[in-house]
Amino acid sequence: MRTAACLCLALIFLAACSKRNPEERAMTPQDSLKAMHLSEDFHVELFASEPDVMSPVEMAFDENRKVYVAEMMDYPNDPPPGKPARSRIRLLENTNGDGKTFRSTVFAENVLAVSGFMPWKDGPIVTSAPDILYLKDTDGDGKADLRKVLYTGFPKVNQEARITNPRLGVDNWIYCSNTGSDGRITSPGHPEMPPVLVRGTDFRFDPIGGKAEPASGPAQFGSTLDDFNHRFITQNTTHIRHVVMPMRYLTRAPLLEVRAVAQDISDHGRPSSPMFPLTGPQQWRKQRTALRQQRYNENKVNVTEQVSGWFTAASGGTLYDGDAFPKEYAGSVFTGDVSGNLVHRDTIKPDGPTFTAHRAKEKVEFLASTDVWFRPCNFANAPDGNLYMTDIYRQVIETPESIPEEIRKKIDFFKGDTLGRIYRIVPNHPLRAGDLKPNLGAAGSAELVGQLSNPNGWHRQAAHRLLLERQDSSVVANLKAVAASGHLPEARVHALWLLHAYAALEAAEVERAFKDPDSRVREHALQLSEFFLKESPALASSVLALAADSDPHVRFQAALTVGELKDSRALPVLAQLAHLDSSDPWFRLAILSSVADAAAPFFHMVLEKGEDWVDPQLLIEASAMIGGRQNPAELAAWFGDLPKLRQPDKYLAGLTKGLRLVGARNLRVPGAEQTFARLLSSSDDSLQRAAWESSRYFELTALIQRARQEALAAGLPTANRVRAVRALRGGHFDSVAPVLESVLQANPSPDLEAAAVDALAAFDEPAAGGIILNNWRQYSPTGRKHAVSALLAQRVRILPLLKAVEDGLIEPAALDASARSHLYDDADPVIATKARGLLENTNSDRSKVVASFREVTGVPGDVARGKKLFEENCARCHEPRRQGGRVGPDLSGINNKTREELITSILNPSYAIEPRFVNYIITTKDGRMYDGIIANETAWAITLRGGSEEGDETVLRKNIASTRASSVSLMPDELEKNLGKQGLADVIAYLRGGL
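Residues numbered from 1 in each chain as written. Predicted model: local features only at pLDDT ≥ 70, side-chain atom pairs only at ≥ 80, totals over all residues. Heavy atoms only, no water.

### Brief notes about the overall build of the protein
Link 1 in the chain: Along its length, the protein carries 35 helices and 33 strands.
Link 2 in the chain: Split into buried and exposed, the 995 residues of the protein put 59% on the buried side.
Link 3 in the chain: Nonlocal contacts in the protein, meaning residues at least 24 apart in sequence, comprise 67% of its contacts between residues at least 6 apart.
Link 4 in the chain: Counting every atom, the protein has about 39,300 Å² of accessible surface; 53% of that belongs to carbon and sulfur. (Helix = DSSP H or I, 4+ residues; strand = E, 2+ residues; numbered from the N terminus. Buried < 20%, exposed > 50% of the residue type's maximum accessible area, 1.4 Å probe, protein only. Contact = heavy atoms within 4.5 Å. Areas by Shrake-Rupley, 256 points an atom, 1.4 Å probe, with all protein chains shown as cover.)

### Notes on the sheet that holds strand 19 (residues 238-243)
Link 1 in the chain: Spatial strand order, 17-18-19-20: four strands in an open sheet with antiparallel pairing. Looking along the sheet, the strands with just one partner apiece sit at the ends: strand 17 (223-225) and strand 20 (262-264). For this sheet, the mean angle separating the axes of adjacent strands, direction not counted, is 25 degrees.
Link 2 in the chain: Relative to strand 18 (residues 231-235), strand 17 runs antiparallel, the two sharing three bridges. When the sheet's bridge partners are listed, Ser 223 is paired in strand 18 with Ile 233. (Pairing = 2+ DSSP bridges. Axes fitted to C-alpha atoms, helices over the stretch in contact; angles between N-to-C directions.)

### Here's the deal with the side chain of Ser 332
Link 1 in the chain: Structurally, the position occupied by Ser 332 is in the loop between strand 21 (314-319) and strand 22 (333-337).
Link 2 in the chain: The exposure class of Ser 332 is buried, given its relative accessible area of 1%.
Link 3 in the chain: A polar side-chain atom of Ser 332 sits 3.0 Å from a polar atom in the side chain of Arg 345.
Link 4 in the chain: Excluding residues within four positions of it along the chain, Ser 332 makes contact with Thr 318, Leu 319, Tyr 320, Arg 345, Asp 346 and Thr 347. (Polar contact = N/O pair within 3.5 Å; in protein donor to acceptor, adjacent residues only side chain to side chain.)

### Points about the sheet that holds strand 27 (residues 387-391)
Link 1 in the chain: The antiparallel open sheet is built from four strands, whose spatial order is 2-28-27-26. The open sheet has two edge strands with one neighbour each: strand 2 (42-49) and strand 26 (376-381). Within this sheet the neighbouring strands show an average axis-to-axis angle of 25 degrees, counted without direction.
Link 2 in the chain: Relative to strand 28 (residues 421-427), strand 27 runs antiparallel, the two sharing five bridges. Across the sheet, residue Tyr 388 finds its bridge partner in strand 28, namely Arg 424.

### Brief notes about the packing of aromatic side chains
Link 1 in the chain: Throughout the structure, instances matching the rule amount to 29 aromatic pairs.
Link 2 in the chain: Ring centres 4.8 Å apart and planes at 85 degrees place the aromatic pair Phe 42 and Tyr 329 in the edge-to-face group. Of the two residues, Phe 42 is situated in strand 2 and Tyr 329 in the loop between strand 21 and strand 22; the sequence distance between them amounts to 287 residues. Exposure class is identical for Phe 42 and Tyr 329. Each is buried.
Link 3 in the chain: On the basis of an interplanar angle of 90 degrees and a centroid distance of 6.2 Å, the ring pair of Phe 325 and Tyr 329 is categorised as edge-to-face. Note on accessibility: Phe 325 and Tyr 329 belong to one class, buried.
Link 4 in the chain: Joined through ring pairs, the aromatic side chains of Phe 42, Tyr 320, Phe 325, Tyr 329, Phe 334 and Phe 366 make up one cluster.
Link 5 in the chain: The aromatic ring of Tyr 393 is capped on one face by Arg 421, whose charged end is 3.8 Å from the ring centroid. (Phe/Tyr/Trp six-rings, centres within 6.5 Å; stacked < 30°, edge-to-face > 60°. Lys NZ or Arg CZ within 6 Å of the ring centre and 35° of its normal.)

### Focus on the nonpolar core
Link 1 in the chain: Counting 201 residues, the largest nonpolar core has Phe 203, Phe 602 and Phe 698 as its most contacted members.
Link 2 in the chain: Counting 25 residues, the second largest nonpolar core, distinct from the first, contains Tyr 68, Val 111, Leu 133 and Ile 397. (Core = buried A, V, L, I, M, F, W, Y, C linked by side-chain atoms within 4.5 Å.)

### Examining the pairing of strand 15 (residues 202-205)
Link 1 in the chain: Both faces of strand 15 are covered, namely the face carrying Asp 202 and Arg 204 and the face carrying Phe 203 and Phe 205.
Link 2 in the chain: When strand 15 meets strand 16 (residues 212-215), the two strands line up antiparallel, connected through four bridges. Paired with Phe 205 across the strands is Ala 212, a residue of strand 16.

### Details of the environment of Pro 29
Link 1 in the chain: When you line up the elements, Pro 29 lands in helix 2 (residues 29-34).
Link 2 in the chain: The spatial distance from the C-alpha of Pro 29 to the C-alpha of Tyr 393 is 10.0 Å, given a sequence separation of 364 residues.
Link 3 in the chain: Excluding residues within four positions of it along the chain, Pro 29 makes contact with Leu 46, Ser 49, Glu 50, Arg 421 and Tyr 423.

### Some details on helix 11 (residues 519-529)
Link 1 in the chain: Most of helix 11 is tucked away, with 10 of its 11 residues classed as buried.
Link 2 in the chain: Restricting attention to buried positions, one finds in helix 11 the residues Ser 519, Val 521, Arg 522, Glu 523, His 524, Ala 525, Leu 526, Gln 527, Leu 528 and Ser 529.
Link 3 in the chain: Check the buried side of helix 11 and you find it contacts helix 3 (247-250), helix 9 (489-501), helix 10 (507-514), helix 12 (537-545) and helix 13 (552-561).
Link 4 in the chain: With a side-chain oxygen positioned 2.9 Å from the backbone nitrogen of Arg 520, the residue opening helix 11 is Asp 518.

### A look at empty space enclosed by the protein
Take a probe with the size of a water molecule and roll it over the atoms, and the empty space left behind shows itself.
Link 1 in the chain: Evaluated as defined, the whole model comprises three cavities of 30 Å³ or more.
Link 2 in the chain: In this model, the largest cavity occupies a volume close to 680 Å³.
Link 3 in the chain: Lining the largest cavity are 31 residues, and of these Pro 166, Arg 167, Leu 168, Trp 458 and Gln 461 lie nearest its centre.
Link 4 in the chain: Those elements that provide at least two residues to the lining of the largest cavity are strand 3 (56-61), strand 7 (116-120), strand 11 (164-168), strand 17, strand 21, strand 26 and helix 7 (457-470).
Link 5 in the chain: A volume near 400 Å³ is recorded for the second largest cavity.
Link 6 in the chain: Lining the second largest cavity are 27 residues, and of these Asn 229, Val 243, Val 244, Pro 246 and Arg 248 lie nearest its centre.
Link 7 in the chain: Listing elements by their share of the lining of the second largest cavity, those giving two or more residues are strand 16, strand 19, helix 3, helix 11 and helix 13.
Link 8 in the chain: Tallying contributions element by element places helix 13 first for the lining of the second largest cavity, with four residues.
Link 9 in the chain: Split by residue class, the lining of the second largest cavity holds 13 nonpolar, eight polar and six charged. (1 Å grid on protein atoms, 1.4 Å probe; cavity = no way out; pocket = protein on both sides within 12 Å on 5 of 7 lines; lining within 4 Å. Points joined across faces, edges and corners; volume = space filled by probe spheres on them. Nonpolar A, V, L, I, M, F, W, Y, C, P; charged D, E, K, R; others polar.)

### Details of the pattern of salt bridges
Link 1 in the chain: Evaluation of the coordinates by the stated rule reveals 49 salt bridges.
Link 2 in the chain: Between Arg 629 and Asp 597 there is a salt bridge, and its shortest N-O distance comes to 3.7 Å. With Arg 629 in helix 17 (residues 616-629) and Asp 597 in the loop between helix 15 (585-595) and helix 16 (599-607), the pair connects residues that are 32 residues apart, well separated along the chain.
Link 3 in the chain: You can call Arg 629 partly exposed: its relative accessible area is 29%.
Link 4 in the chain: Through salt bridges that share partners, Glu 257, Arg 259, Arg 588, Asp 615, Glu 621 and Lys 657 make up one connected network. (Salt bridge = Lys/Arg side-chain N within 4 Å of Asp/Glu carboxyl O.)

### Describing the environment of Asp 826
Link 1 in the chain: Structurally, Asp 826 is set in the loop between helix 29 (817-824) and helix 30 (829-843).
Link 2 in the chain: A C-alpha to C-alpha distance of 9.9 Å links Asp 826 and Arg 795, two positions 31 residues apart in sequence.

### Quick word on unusual backbone geometry
Link 1 in the chain: Cis geometry is found at the peptide bond from Tyr 75 to Pro 76, where omega equals 5 degrees.
Link 2 in the chain: With respect to the helices, strands and loops of the structure, Pro 76 is situated in the loop between strand 4 (66-71) and strand 5 (88-94).
Link 3 in the chain: Residues Ala 129 and Pro 130 are joined by a peptide bond in cis, for which omega reads 15 degrees.
Link 4 in the chain: Along the polypeptide, Pro 130 turns up in the loop between strand 8 (123-128) and strand 9 (131-136).
Link 5 in the chain: Of note in this structure, Asn 666 is not a glycine but carries a positive phi near 50 degrees.
Link 6 in the chain: Here Asn 666 lies in the loop between helix 19 (648-662) and helix 20 (672-680).

### Focus on the packing of helix 20 against helix 22 (residues 701-712)
Link 1 in the chain: Their axes nearest at 8 Å, the elements helix 20 and helix 22 cross at an angle of 40 degrees. The orientation of helix 20 with respect to helix 22, classified from their angle, is oblique. Residues Glu 673, Phe 676 and Leu 680 of helix 20 touch helix 22, and the partners they reach there are Thr 701, Ala 702, Leu 703 and Arg 706.
Link 2 in the chain: Its residues placed into classes, the contact of helix 20 with helix 22 shows four nonpolar, one polar and two charged. (Parallel < 35°, antiparallel > 145°, perpendicular 65-115°, else oblique.)

### Description of the confidence of the model for the protein
In low-pLDDT regions, the fine details of the predicted coordinates are not to be read closely.
Link 1 in the chain: Per-residue pLDDT for the protein has a mean of 87; in total, 86% of the residues score no lower than 70.
Link 2 in the chain: In this model residues 1-19 is a low-confidence stretch, pLDDT under 50, and it forms nine contacts with partners more than four residues away in sequence or in other chains.
Link 3 in the chain: Taken as a whole, residues 879-887 scores under 50 in pLDDT and shows 26 contacts with residues more than four places along the chain or in a different chain. (pLDDT = per-residue confidence, 0-100.)

### Here we look at the packing of helix 9 against helix 11
Link 1 in the chain: Running from N to C, helix 9 and helix 11 cross one another at 10 degrees; their axes reach a closest spacing of 9 Å. In terms of axis orientation, helix 9 runs roughly parallel to helix 11. Contacts between helix 9 and helix 11 involve Pro 489, Arg 492, Val 493, Leu 496, Trp 497 and His 500 from the first element and Arg 520, Val 521, His 524, Gln 527 and Leu 528 from the second.
Link 2 in the chain: Of the residues in the contact of helix 9 with helix 11, the class split is six nonpolar, three polar and two charged.

### Overview of helix 17
Link 1 in the chain: Taking 1.5 Å as the rise per residue, helix 17 with 14 residues should run 20 Å; its terminal C-alpha atoms sit 20 Å apart, in good agreement.
Link 2 in the chain: Of all 14 residues that make up helix 17, 11 are buried, and the element is covered over most of its length.
Link 3 in the chain: Turning to helix 17, its buried residues number three or more, namely Leu 618, Leu 619, Ile 620, Glu 621, Ala 622, Ser 623, Ala 624, Met 625, Ile 626, Gly 627 and Gly 628.
Link 4 in the chain: Turning to helix 17, the residues buried within the fold contact helix 14 (570-581), helix 15, helix 16, helix 18 (632-641) and helix 19. (Expected span 1.5 Å × (residues − 1).)

Given below as structure tokens:
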């Protein structure tokens, strides 16, 4: 109590003297400039400030001396219902191009939470959820009177996770950051286009033809492309990642498991890197830290709370490609951290098929300020060769949900929203003295082609954009000349892609580019060759030759492009690539995406060279693809090669993964019976386990007979009987159902009981559900949990389940939150209504339970007891698992919460569900049902986590009848029955003590 009293006095004192605290006062732009410390090679100049700009988060220079600025005045919360959006787009017009004299006007009002745009056809393309808009001033009054919706359907989630960052790539696509937020994107201008699903991905679209599709990522606020279309993204605590695997190549191999498409490339801390601010923590951060430290002290936890020092709010990563900075700065990525009041610089170096980002200077940031209101959130390359920086300039920039309630309610999150600055970062000794008057809008198309060779990246990219907009075929000859002999590799790549956009690129130009001395041009030549491979056998030969290129990026692209070939020479080339590069997981993914349906011949071709000729993981992943194809001849040949392998259990596990993915049943494969008999006679226990697990997908008469006998053999070890019971899933229902029923009626161990229920659940026959229900009374708690899951796994079993609840056979309390999420959100309103009528009276009124436990706020807790209770009741979901990640949120920052908030979160978990941990229910076309959080998804498959004891479950989209999100948390209700009031106090003490 003494500690708490001291803290209260300290907070009162801090509040009383806040008027004297400089943190409470904004600095003038001139004083804020003086507070900046940066590399000795540079200085910073003020470009614009309030009232000419307010809350700026994005800026872009167009071709006519105009500067568009996104003013995100709605941040961090949308306006109340019925109130207009406050965010807007401002236009700064340079009257003489010196960057000092300009006219400031509001170009577009009420653009909700606008955080990104790019110039396009005399106006901006704007991201403003739920839309991507095109705005234009058509009458010359300086204000947008045209507001056209290009795409819509993006969710209005947390403002830090909305659609943003439109960036035109050299490949003529516009890439946008979506943070993986869920949405079905449609285009009013292209009603014929099917909806684009973007959950788990970013988004890209063709501004000329209108085509749209998911893009690999996902990114948060920060996306930048280098001159060769390598995309680097920012994700809050992970300040720089490289998008390695383009989504389009993965669609051709739907049976290939894809764990990731982007890689954290920082070599100075993963997933979060240390940073070196000059500011101390703000007052509210000190208060939050004091509250946390008080909890540590109260609970005798030997922890000292750290306020800052790591990236927590990285944003706006931008690659510098100007021509004014010293040469060593070219290609560097600059990233702001708005919580640390600093700008971080990474140098980017190739590393295999990806890159490494290296801190430019140890323990020193490129720029750091002592002004705690300084919030460098984004950057822009400019015509003058300098780098421009937007500073949203707020007292507090933080998601309100991450601040404890007792502090949050005292904070004005909009304080400073009418302030804002834009700065220009200028070298002390520029390589070029540039200006801001490019006037490219008035340039002829031939002049724009010449600009593709400009050493300044802004000029190259603006010229590319304008030529793409104009579609002026009169410059085709000019473009062909640059593609053939442009003195910059960047210019040659620009010209090649523009020729493609003009439908004027020829195979001969791609063939020439294959021989380019610059590896990055060869890399793009491979991508462009994909449009010609069907008609040009000669080009195909050159593609195959480039698989032996000395540059890893070229070989990686070759590994992807070879998959577009329909040529007998492709597999040997992929095999040789595997020999060179299969130790790299990205190369394995690329190679197998190209192998696709030819996984079986590829497997045997590689194995003929010897198991050590490639990384064994490549063959394990290929085995999964073979299993997924269910081809008897391929499987027979695979089994024939199994004895050649030193660790056959791992390859068998790979095969099983593919068989499970496609739901294989009773496969008739020549020689399989003999193979499994041999495997099951092995003395290797791990091989026996793998063989039993795999056997259930095959028609194995003798093996099923053995499994029937062992399942009933009471003298066998339980583990052996469990394996046999699990193998019975591969038999025919009529022959194995009596065995499984006998097992259930013999008072088995919980493990054996659960295995028998799961085996019955694998069958589609209605009688399987009847057997499960008929044995309910004798199930152990484990058996009951498995039985409920089994009954929910098939639509035909749901009404019998509800009838059993109605008749009193099954207690309503046996259906936990996950089970109720199936029922309450069922697509059939009859089922949903019936379920709520039966179950809500017993489980739904959690608010009353929470109210009855309010007194726990005053009950002292014991950390050691709380730790034990947490491990028994919570750790399975909230701590990392061996297979995949968490099922529930990471609780490492839970000590932000008050006791009252924790009581609500624990006893009424469905009150507020974090979007990443929403439970989804998938129903397949054959009536099977799966649930869990979405761990990963692609255009062809969804992987769920947490709904199966066997680990992650992947479902092919082609087999899905419906997918729906549940409003019920996966965290179980009624934890109070296990914990009691003292136990709840103990768990809260453990959580608040710094889990």
